[in-house]
Amino acid sequence: MSGTKGARGRRFEGGLDALAQRMNASVDFDRRLLDADVAGSRAHARGLARQGLLSADDAAAIDRGLGEVRDALAAGELAWDPALEDVHMNVEARLIERIGDAGRRLHTGRSRNDQVATDLRLWARAAGEALVARLGELRAALVHKAAAHVDTLMPGYTHLQRAQPVRAAHHFLAYQEMFERDQGRVRDALARADVSPLGSGALAGTTFPLAREGVAAELGFAAVSRNSLDAVGDRDFAIELVAACALCQVHLSRLAEELVLWCSQEAGFARLSDRWCSGSSLMPQKKNPDLAELVRGKTGRVVGAWVTLVTVVKGLPLAYNKDLQETQEPLYDAVETATASVEVMAGMVADLTLDTARLARAVGEGHLVATELADYLVSKGVAFRDAHDTAGHLVRIAIERGVELAALSLDELRAADPRFDADVHGWLDPATAVDRRDLPGAPARPRVVAELARLSAELGLAAPAAPAPSPALATPDGASDR
Ligand code: ARG
């Protein structure tokens, strides 16, 4: 063997069984590590040269050759060879083909075990940072949409039953909270991934006096690993990153479900443009929210990826085991799926058109201000439990008469409790009801506006134009707007 055909070396006489080769090869998926692998090898080669373990000429040839191999593989000028098993051996073999003997010195003091652990951390960092950036764009889209709907009232729900009126902005900002936490979780995972395993060798370090810190710093790692057995056998960083992706996908799925509901003819609260919908091959009238459904549906694979990862690692003895190769595909798939889903969701949120008139009608139907009647009585000294009973009684009267609470006369209200006065009807206006909820975290207009200001500053958005101080809220005959 010339040293370019796999890592089985001269101990082996026969070739790998064809079936074994097919299951053993990872190059179909670990080619994603090409950039990371070349960066890691370049840093390793420079480190070897600095320690006098590689001549300056050899180091320069390796550096140049690695760049050429990377470009040729990326451009498809060089083919990936499954017989060479993985990205590491494809790159090394091509390097040796290209630069000869110098290339055969690159693997000094290194194993594919610390190499792949390093590459995966570099990949996780780049992919995780991209996810953080996309999440920032989704948060910005939600903030923009919220700013456009500070004065759009909509029903807030519990149990999918209309509960109390809220500002649509408050609803959008609820999702921004989730994605803000998701960003934090991804960043936390990346902070723990920010450790260089290079120099851990196959499992027990190396006899060569590598200067690990310098190589780590060159690759942008904050630290070097402290235990070689752990460093080559650890995939916690992948599990953590995928866990963050899984929860993020769950949040995306919840929002996607709302989009599907809102765009249904039953609700009619919102519309998505043709960019995010498809038709039916059979029913000409259909406009289906496919992308929202797909984002919701992809939750299965991202959550499944996390289950796959922890199951692969469970029960592995130290240190490296080939099982760990099985952690790669779920890592790639989860991060790539979550990132694409975040991008699609940002596009759909920006595209969403609310039917503000329909929302306003929905707020006015279903006794959403019943709590106000109870709160009113509490303001007159009634115990909340008693006030709740009275308000419930009045709701029943309204249902029996087929009217909303605001249509009950003062006499009818007073028959239930003489402490009702003429000002009670003002409390039953949904906008008043929302603005009476004026405490941190609640949907009163000044609270929502302050949240928008905070988020605009944090996300570096042009401050959302402060809506007029006493806005005309959308009325049932008002126009829809974005
Ligand atoms: N493709 C392998 C992986 O993903 C690289 C490490 C192989 N190491 C070994 N000792 N066979 O884990």
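Can you help me understand the overall build of the protein in this one?
Helices and strands together make up the secondary structure of the protein, namely 20 helices and six strands. Scaling as 2.2 N^0.38, a compact globule of 482 residues should have a C-alpha radius of gyration of about 23 Å, whereas the protein reaches 31 Å, well beyond that. Overall size of the protein, expressed as C-alpha extent along the three principal axes, is 100 × 50 × 45 Å. Counting only residues that meet the buried cut, the protein has 47% of its 482 residues in that class. Partitioning the contacts of the protein with sequence separation of at least 6, the portion at a separation of at least 24 is 75%. Accessible surface for the protein amounts to roughly 22400 Å². Of this, 53% is attributable to carbon and sulfur atoms. Where the 56 positive side-chain charges of the protein centre and where its 67 negative ones centre are 2 Å apart.

Where do I start with the pairing of strand β2 (residues 161–167) in this structure?
Each regular strand displays side chains that alternate between the two surfaces of the sheet. By the bridge criterion, six bridges tie strand β1 (residues 153–158) to β2 in an arrangement that is antiparallel. By the bridge assignment, M154 is partnered in β2 with V166. The antiparallel hairpin formed by β1 and β2 contains two residues in its connecting segment, where H159 sits at a positive phi of about 55 degrees.

Would you take a moment to explain empty space enclosed by the protein for this structure?
Summary: where empty space remains is shown by rolling a probe the size of a single water molecule over the atoms. Enumeration over the complete set of coordinates arrives at two cavities of 30 Å³ or more. Approximately 60 Å³ is the volume found for the largest cavity. Counting only elements with at least two residues in the lining of the largest cavity, the list comes to α3 (34–50) and α8 (212–218). With three residues, α3 is the single largest residue contributor to the lining of the largest cavity. Grouping the amino acids of the lining of the largest cavity by side-chain chemistry returns five nonpolar, three polar and one charged. Space inside the second largest cavity adds up to approximately 40 Å³. As for the second largest cavity, its lining consists of R121, R125, L190, A193, D194 and F221.

Even after reading the chapter, I still don't get the packing of aromatic side chains, so can you show me in this structure?
The geometry of an aromatic ring pair comes down to the distance between the two centres and the angle between the two planes. Summed over the entire model, instances satisfying the criterion amount to four aromatic pairs. Measuring from centroid to centroid gives 5.1 Å for Y376 and W427, while their planes differ by 80 degrees, and the two rings are edge-to-face. Highlighted residues: Y376 in helix α15 (residues 370–379) and W427 in helix α18 (residues 424–427), separated in sequence by 51 residues. Grouping residues by exposure puts Y376 and W427 together as buried. Through successive ring pairs, a cluster of aromatic residues spans Y376, F420 and W427. In this arrangement the basic side chain of R8 is found over the ring face of F12, its NZ or CZ atom lying 4.1 Å from the centre.

Honestly, the nonpolar core in this entry has me stumped. Any pointers?
Most often, soluble globular proteins have nonpolar side chains that are buried together. Of all hydrophobic cores here, the largest spans 96 residues; its most connected members are I62, L138, F179, W262 and M345. Setting aside anything within four residues of it in sequence, one finds I62 in contact with A45, L54, L95, I99, A102, G103 and L106. Listed in part, the 20 residues of the second largest apolar core include L377, V382, W427 and L428.

Reading guide: rules and limits
Residues numbered from 1 in each chain as written. Predicted model: local features only at pLDDT ≥ 70, side-chain atom pairs only at ≥ 80, totals over all residues. Heavy atoms only, no water. Helix = DSSP H or I, 4+ residues; strand = E, 2+ residues; numbered from the N terminus. Rg over C-alpha atoms; globule rule 2.2 N^0.38 Å. Buried < 20%, exposed > 50% of the residue type's maximum accessible area, 1.4 Å probe, protein only. Contact = heavy atoms within 4.5 Å. Areas by Shrake-Rupley, 256 points an atom, 1.4 Å probe, with all protein chains shown as cover. Lys, Arg positive; Asp, Glu negative; His and termini not counted. Charge placed at Lys NZ, Arg CZ, Asp CG, Glu CD. Pairing = 2+ DSSP bridges. 1 Å grid on protein atoms, 1.4 Å probe; cavity = no way out; pocket = protein on both sides within 12 Å on 5 of 7 lines; lining within 4 Å. Points joined across faces, edges and corners; volume = space filled by probe spheres on them. Nonpolar A, V, L, I, M, F, W, Y, C, P; charged D, E, K, R; others polar. Phe/Tyr/Trp six-rings, centres within 6.5 Å; stacked < 30°, edge-to-face > 60°. Lys NZ or Arg CZ within 6 Å of the ring centre and 35° of its normal. Core = buried A, V, L, I, M, F, W, Y, C linked by side-chain atoms within 4.5 Å.

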